[in-house]
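# Descriptive analysis of the structure
In case you want the letters, here they are:
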Amino acid sequence: MEEQQDQLNVQQDQEVLPKLAVPDTAPRDKFNGTAIFDVQNTSIYYGSFRAVTDVSLTVYENEITAFIGPSGCGKTTVLRSLNRMNDLITGARLEGDIHYRGVNLYGKDVSPIAVRRRIGMVFQKANPFPKSIYDNIAYGPRINGIRNKGRLDEIVERSLKQAALWDEVKDRLNKSGLGLSGGQAQRLCIARTLAVEPDVVLMDEPCSALDPIATGRIEDLMQEIKSRYTIVIVTHNMQQATRVSDRTAFYSVLRDEKSDTRTGVLVEYGSTAQIFGDPQDSRTQAYVTGRMG
Amino acid sequence: MMAAASDSLAQPVDLREPTGWRRSKNQIMTILMWLAFVIVLIPLGFVLVTLVAKGAAAISWQFLTNSTIPPNVLPLGTGGMGAAVVGTLEVTGFASLIAIPLGVLGAVYLNEYGGNRILAQLISFMSNVMTGVPSIVMGLFIYIIWVTHFGYSGLAGSFALACLMLPIVIRSSYEMLRLVPDSLRQGSYALGASKARVTLTIVLPAALSGIVSGALLAVARAAGETAPVLFTMLTVEQTNSNLFSGPNTTLPFQIFMNAQSAYVGANARAWGAALTLVAITFILMIAARIITSLFTRNTR
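Read on for an overview of the structure.

## What about the overall build of chain B?
When you go through chain B residue by residue, the secondary structure sums to twelve helices and zero strands. When the helices and strands of chain B are read in sequence order from the N terminus, they spell out α-α-α-α-α-α-α-α-α-α-α-α. Radius of gyration (C-alpha) of chain B: 26 Å, far over the 19 Å computed for a compact globule of 300 residues. Oriented by its inertia axes, the alpha-carbon framework of chain B measures out at about 95 × 55 × 35 Å.

Following this line, the structure appears as structure tokens:
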């Protein structure tokens, strides 16, 4: 009972704490890799609702960057802004700017279609198309104008091998993609994303519906492909973040007492070892030690 | 707590269905459900049995193909319904050619592109209103804007039937498109597909079998209509295979004319024509199902 009381107190403290309105992103460790995304003072709105406020962070090449934080903290919103998937939501609006390899992602003559061909996305719930396994993988390359059967065969095999699915499905490539198990379906979706050879793969809680074995497979897969791709992953699972990511961004919910509105903020961003081992912000510490969220 | 746990261990747990009112209620509802099922089957079965019993005698190759519809006084065995079979296929076929593509495209606009725009809301509202318009009004409408200028023809009949089919196709296709999960669209967008491509390669194939069902319903409805045909095509006694000029006739219209007659031969022809019409619809449904299943082999 007393312990519970303590936890309550801590949580109440957390509610008061957000007076530190400026996200404490100062202790960034030095890194001289290529910056893939440079997010500067970005706020994202859905209509009049401000989902996230003033996010600034840099995502580096060939790294796995994890976004963690409690529900409603806007980590998925930020992720979806990185390949302009938020454009599909009516009323979604972005302030600030996001540069991708030095190009303003929200610049005037930037086509979201071109953006998404380079920056792929894997969703929380596996969403194989109601087509054969082969056609699922070949879908992206076909969009890009590849019609040659030989080329497509090659791409399908390579992508499925990269996603560690080839051995399980090579004899039933013409069977429906909907007949796969949850873990297989998610790997199919990863393979489908890799088939267009993107530069970046965004993953929105890709393992949240999977059992530990399937999760382990996908985590191994991420490690294997990270030498060729840059990965940003949203996860609810802190162990997963420590296992797979090089860098972690911790988001939290900021509640405005007066108007009773909530908005997500980036609390702290740094190397995964630092975020989990030596968090600089008390909210990060509370979250990573399991006392909050 | 401990005491309760050991108690429940002592005597076996009762997992049987609870007795009393609850069980009786369940039984009563189950019986009512079966009853409803049987009651629904009675008219369906009765229609089918009567049709076959009274119509089968009239059916022969001559009846289906002979191009001269005999006068009512003549007994069964002279002439045939060929003219009406050809007319039905022609007129309904051309009406489908107009209404199905238009209707499906309209539904695609409503669901994929329209959003909350005024135009989309207007189309949606109008198609709902049109669903409720009696078919005879459609016939009258085409009579005034087409037949009074260009005369009776199969084409005019097709126009009237197309007006009738259009709202049904729009409604049913729209409902089917709405059922396509958004996660599929998102998956396609995330691979860099344009909106047109998402619609063509993901949304329409996923909704295809439902769209086909709705379209068939519309075709069957149109094939069985008498009133719009009455105003727009008049009738003929000889096969008129030219859809675009001259009066024409269809099976429902021949059923109407022959069934009214006092002569036995004409009545037999009416039953025969009715059975033929049902058979045509039935064959069409099965053919469409087979074709659709070939296209959607991997969609489930």
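## Structural notes on the interface of chain B and chain A
Chain B puts 20 residues into the contact, and the matching count from chain A is 28 residues. For the pairing of chain B and chain A, the buried interface totals around 1,900 Å² over both sides, and the portion due to carbon and sulfur atoms is 60%. Applying the counting criterion to the chain B and chain A interface returns zero salt bridges. The interface formed by chain B and chain A contains six residue pairs in polar contact (both at pLDDT 80 or more). Those elements that place two or more of their residues in the side of chain B that touches chain A are helix H8 (182-190) and helix H9 (195-223) of chain B.

## What to know about the nonpolar core
Residues and elements named next belong to chain A. Judged by nonpolar contacts, the single largest core of 69 residues is most densely connected at Phe37, Leu57, Leu202 and Tyr251. Ignoring any residue separated from it by four or fewer positions in sequence, one finds Phe37 in contact with Leu57, Thr58, Val59, Leu82, Ile98, His99, Tyr100, Leu105, Ile119, Val200 and Leu202. The next biggest cluster of nonpolar side chains, apart from the first, holds 47 residues, and it includes Ile137, Ile155, Ile231 and Ala241.

## Considerations on the side chain of Lys131(A)
Turning to its location among the elements, Lys131(A) is positioned in the loop between strand S6 (119-122) and helix H4 (133-143). Despite its burial, Lys131(A) pairs with no opposite charge; the closest candidate is Asp135(A), at 6.4 Å N-O. In terms of polar contacts, Lys131(A) uses its side chain to reach the backbone carbonyl oxygen of Thr201(B), at 2.7 Å.

## Concerning the packing of aromatic side chains
Per the counting criterion, the structure on display carries eleven aromatic pairs over all chains. The interplanar angle of 35° and the centroid separation of 4.9 Å between the aromatic rings of Phe250(A) and Tyr287(A) together place this pair among those described as tilted. With Phe250(A) in strand S9 (residues 247-256) and Tyr287(A) in helix H11 (residues 282-288), this residue pair connects regions lying 37 residues apart in the sequence. Like Tyr287(A), Phe250(A) is buried. Put simply, the rings of Tyr143(B), Tyr152(B) and Phe231(B) pair up and form one aromatic cluster. One cation-aromatic arrangement involves Arg93(A) over Tyr45(A); the distance from NZ or CZ to the ring centre is 4.3 Å. Taking the ring centre of Phe129(A) as reference, the NZ or CZ of Arg192(A) above it sits at 4.0 Å.

Parameters at a glance
Residues numbered from 1 in each chain as written. Chains lettered and ligands numbered in written order. Predicted model: local features only at pLDDT ≥ 70, side-chain atom pairs only at ≥ 80, totals over all residues. Heavy atoms only, no water. Helix = DSSP H or I, 4+ residues; strand = E, 2+ residues; numbered from the N terminus. Rg over C-alpha atoms; globule rule 2.2 N^0.38 Å. Contact = heavy atoms within 4.5 Å. Buried area = accessible area lost by both parts, 1.4 Å probe. Salt bridge = Lys/Arg side-chain N within 4 Å of Asp/Glu carboxyl O. Polar contact = N/O pair within 3.5 Å; in protein donor to acceptor, adjacent residues only side chain to side chain. Core = buried A, V, L, I, M, F, W, Y, C linked by side-chain atoms within 4.5 Å. Buried < 20%, exposed > 50% of the residue type's maximum accessible area, 1.4 Å probe, protein only. Lys, Arg positive; Asp, Glu negative; His and termini not counted. Phe/Tyr/Trp six-rings, centres within 6.5 Å; stacked < 30°, edge-to-face > 60°. Lys NZ or Arg CZ within 6 Å of the ring centre and 35° of its normal.

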